[in-house]
Amino acid sequence: MTRISTPLTDLLGIEHPVCLGPMGLISVPSMVAAVSNAGGLGIMGTANYDTEALRKAIHETRSLTERPFGVSIMAGFPSAEGHAKLAIEERVPFVTTSAGSPKRLAPMFREAGIECFHVVPTVALAMKAKQAGATGIVAEGAEGASFKSRDEVSTLVLVPQVVDATGLPVIAAGGIGDGRGLASALCLGAGGIQMGTRFIATQESPIHDNYKEKLLDMRETDTRMVGRKSGPLRVAINPCSDDMMEFEALTDEPQELRKKIGYHKFPAAALQGDTENGLVVAGQIAGMVKDLPAVGDLVTGIVDQAAATLKKADARVAG
Ligand SMILES: Cc1cc2nc3c(=O)[nH]c(=O)nc-3n(C[C@H](O)[C@H](O)[C@H](O)COP(=O)(O)O)c2cc1C
C-alpha cells in the first residue's frame with residue numbers, strides 16, 4: 001500500500017493525510033468512522049447536536065472505529081463551550097473550530113493537550129488564530145462548499161501564505177477532489193487535505209441519492225455564492241438558490257437576509273432529495289465528481305494518484 005507520511009500524519013497518528021470535512025447531516029458517526037477506518041481522519045460535524053447528542057455521537061463513533069477521529073466546534077454558537085468541555089472530557093484526539101473566534105476555546109484545548117486547528121479564509125485570521133492558541137490551521141479557499149468569507153481568496157493563493165505566515169501545521173481545504181489536489185497541497189506546504197464535496201459523493205455518505213446524482217451532473221461553473229450581504233454560502237445553482245438571489249436583491253436588512261439565506265432548506269435536499277427546491281451545498285470541485293466510490297477506495301486512490309503525481313514531477317527535475 002502506498003503511504004505518504006507528512007508532519008500531519010505523524011502528529012495525528014493517521015495513515016493518510018486525508019480528512020473528511022465536518023458537514024452537518026453528512027459527517028455523522030458512520031461516515032466519520034468510514035474515513036478513519038480507511039486510514040484518513042473523519043471530522044464530525046456538530047452544528048445539529050446539543051451536548052447529549054454529541055456525547056452519543058462520540059460514543060457511537062468509538063464503537064465503529066478504534067482509529068483517531070476529530071470533532072468540529074462552531075466557535076460562535078451558544079453550544080460551543082459545552083461542546084468543547086465534552087470533547088475534553090471524552091478525550092477526543094483532534095478538534096477543529098470554525099464560524100467564530102477560537103479565543104476562548106483554543107486555550108482550553110491547548111491546556112488539555114488536544115490538537116486544535118482553526119478554520120480560516122485569510123492570512124490575517126490565521127495569525128489571529130495562532131495568537132489565540134490554535135495549534136494548527138485549516139486554510140479553506142473560497143472555491144469550497146458552505147460558508148465562506150467575503151474576501152473570497154482561493155486555496156492556491158491562501159495555503160502557502162498561511163504556511164509561511166504562521167509556521168503552524170496546515171490542512172488545505174476547498175476545491176480538492178483527487179490525488180493531484182493532494183499532491184498540490186503538499187507542494188504548497190500543507191501537511192494534508194480536507195474534502196467535503198468529494199466525500200459527499202461516496203457509497204457510505206448518508207445523503208439522499210438525488211443529491212449524489214446532482215453532484216455527478218454538475219460542472220465546475222454550476223455553483224454560486226448566495227448571501228454575499230449577510231454571510232456568503234457556496235451552493236449549487238438551482239431554483240432554491242435562484243430564490244435566495246432574488247430575495248437578496250430586495251433588501252439590505254441583515255436579520256431578514258439571514259432568515260431566508262442559510263441552511264434551513266438544506267434538509268429538503270439532503271434528506272428528502274428535493275434538489276430543485278432544497279439547498280444543495282456544494283463546491284466548485286463538483287465538476288470533477290464523476291463516480292460514487294466506496295470511501296476506502298476513494299482514499300487509497302487519492303493517495304496512489306498523489307504519489308504517482310509527485311514521482312512524475314520529481315522525474316522532470318534536472319540538475
Ligand atoms: C453540507 C456541508 C456542510 C458543511 N458544514 C461545515 C461545518 O459545520 N463546519 C465547517 O467547518 N465546515 C463545514 N463545511 C465545509 C467542509 O467541511 C469542507 O471544509 C469544505 O466542503 C471543503 O471544500 P470542498 O467542498 O471543495 O471539498 C460544510 C460543507 C458542506 C458541503
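None of these values were measured; they are calculated from a predicted model.

Q: Before we move on, can you summarise the sheet that holds strand 6 (residues 136-140) with the specific residues and values?
A: Spatial ordering of the closed barrel is given by 1-2-3-4-5-6-8-9, a layout of 8 strands whose pairing is parallel. With strand direction ignored, the average angle separating the axes of adjacent strands in the sheet is 25°. Its contacts with the sheet put helix 7 (residues 155-166) on strand 5 (115-120), strand 6 and strand 8 (170-173), and the angle it makes with strand 8 is roughly 170°.

Q: Which residues make up the pairing of strand 6, and what values go with them?
A: The element strand 6 is largely enclosed, with a buried count of 5 among its 5 residues. Sheet topology places strand 5 next to strand 6; 4 bridges connect them, and they run parallel. Counted as the bridge partner of Val120 is Ala139 from strand 6. Regarding the hand of the β-α-β motif, the stretch spanning strand 5, helix 6 (residues 123-132) and strand 6 is right-handed. Two elements, strand 6 and strand 8, share 4 bridges in a ladder whose sense is parallel.

Q: Break down the nonpolar core for me, with residues and values.
A: Counting 88 residues, the largest nonpolar core has Phe109, Phe199 and Tyr211 as its most contacted members. Top contributing element to this core by residue count: helix 14 (residues 295-315), with 7 residues. Residues from two domains meet in this core; each of domain 1 (7-206 + 291-315) and domain 2 (219-281) gives at least three. Once residues lying within four places of it in the same chain are set aside, the contact partners of Phe199 are Val18, Cys19, Leu20, Met31, Val35, Ser205, Val295, Leu298 and Val299. Counting 12 residues, the second-largest nonpolar core is a separate cluster that includes Leu8, Cys19, Phe94 and Val119.

Q: Can you tell me about helix 8 (residues 179-187), naming the residues and giving the values?
A: Restricting attention to buried positions, one finds in helix 8 the residues Gly179, Gly181, Leu182, Ala183, Ala185 and Leu186. Contact partners of the buried residues in helix 8: strand 1 (18-20), strand 8, strand 9 (192-195) and helix 14. Just past helix 8, the residue Gly189 takes up positive phi, approximately 105°.

Q: Break down the sheet that holds strand 10 (residues 223-226) for me, citing the residues and quoting the values.
A: Read across the sheet, 3 strands follow the order 7-11-10 without closing on themselves; strand pairing throughout is antiparallel. A single partner strand is all that each edge strand has here, and the edge strands are strand 7 (146-147) and strand 10. Relative to strand 11 (residues 233-236), strand 7 runs antiparallel, the two sharing 2 bridges. If you follow Ser146 over to strand 11, its bridge partner there is Arg234. Docked against the sheet, helix 11 (residues 239-250) engages strand 10 and strand 11, running at close to 35° with respect to strand 10.

Q: I'd like to hear about the site of the ligand, residue by residue, with values.
A: Near the ligand lie 21 residues; those nearest to it are Glu140, Gly175, Gln194, Gly196 and Thr197. Here an oxygen atom of the ligand sits 3.3 Å away from a polar atom, N or O, in the main chain of Ala145. At 2.7 Å, a side-chain N or O of Gln194 approaches an oxygen atom of the ligand. Within the complex, 96% of the 610 Å² of free accessible area of the ligand lies under protein. Those elements that provide at least two residues to the shell around the ligand are strand 9 and helix 9 (197-200). Along the lines of polarity and charge, the residues of the shell around the ligand split into 11 nonpolar, 9 polar and 1 charged.

Q: I'd love a proper account of the domain arrangement of the chain, names of residues and values included.
A: Under the domain assignment used here, the chain contains domain 1 (7-206 + 291-315) and domain 2 (219-281). Facing the 14 residues of domain 1 at the interface are 14 residues of domain 2. Together domain 1 and domain 2 conceal approximately 1,100 Å² of surface at their shared face, both sides included; 58% is due to carbon and sulfur atoms. The largest per-residue losses of area from domain 1 upon contact with domain 2 belong to Leu25, Phe147 and Arg150, which jointly make up 42% of the total buried on that side. The residue Glu152 makes a salt bridge to Arg228 at a minimum N-O spacing of 2.9 Å. Our count for the contact surface shared by domain 1 and domain 2 stands at 7 residue pairs in polar contact (both at pLDDT 80 or more). Per-class residue counts for the side of domain 1 that touches domain 2 are 6 nonpolar, 4 polar and 4 charged.

Scoring rules and cut-offs
Residues numbered from 1 in each chain as written. Predicted model: local features only at pLDDT ≥ 70, side-chain atom pairs only at ≥ 80, totals over all residues. Heavy atoms only, no water. Pairing = 2+ DSSP bridges. Helix = DSSP H or I, 4+ residues; strand = E, 2+ residues; numbered from the N terminus. Axes fitted to C-alpha atoms, helices over the stretch in contact; angles between N-to-C directions. Contact = heavy atoms within 4.5 Å. Buried < 20%, exposed > 50% of the residue type's maximum accessible area, 1.4 Å probe, protein only. Right-handed = clockwise from strand over helix to strand, strands pointing away. Core = buried A, V, L, I, M, F, W, Y, C linked by side-chain atoms within 4.5 Å. Domains from an automatic or database assignment. Near = heavy atom within 4 Å. Polar contact = N/O pair within 3.5 Å; in protein donor to acceptor, adjacent residues only side chain to side chain. Areas by Shrake-Rupley, 256 points an atom, 1.4 Å probe, with all protein chains shown as cover. Nonpolar A, V, L, I, M, F, W, Y, C, P; charged D, E, K, R; others polar. Buried area = accessible area lost by both parts, 1.4 Å probe. Salt bridge = Lys/Arg side-chain N within 4 Å of Asp/Glu carboxyl O.

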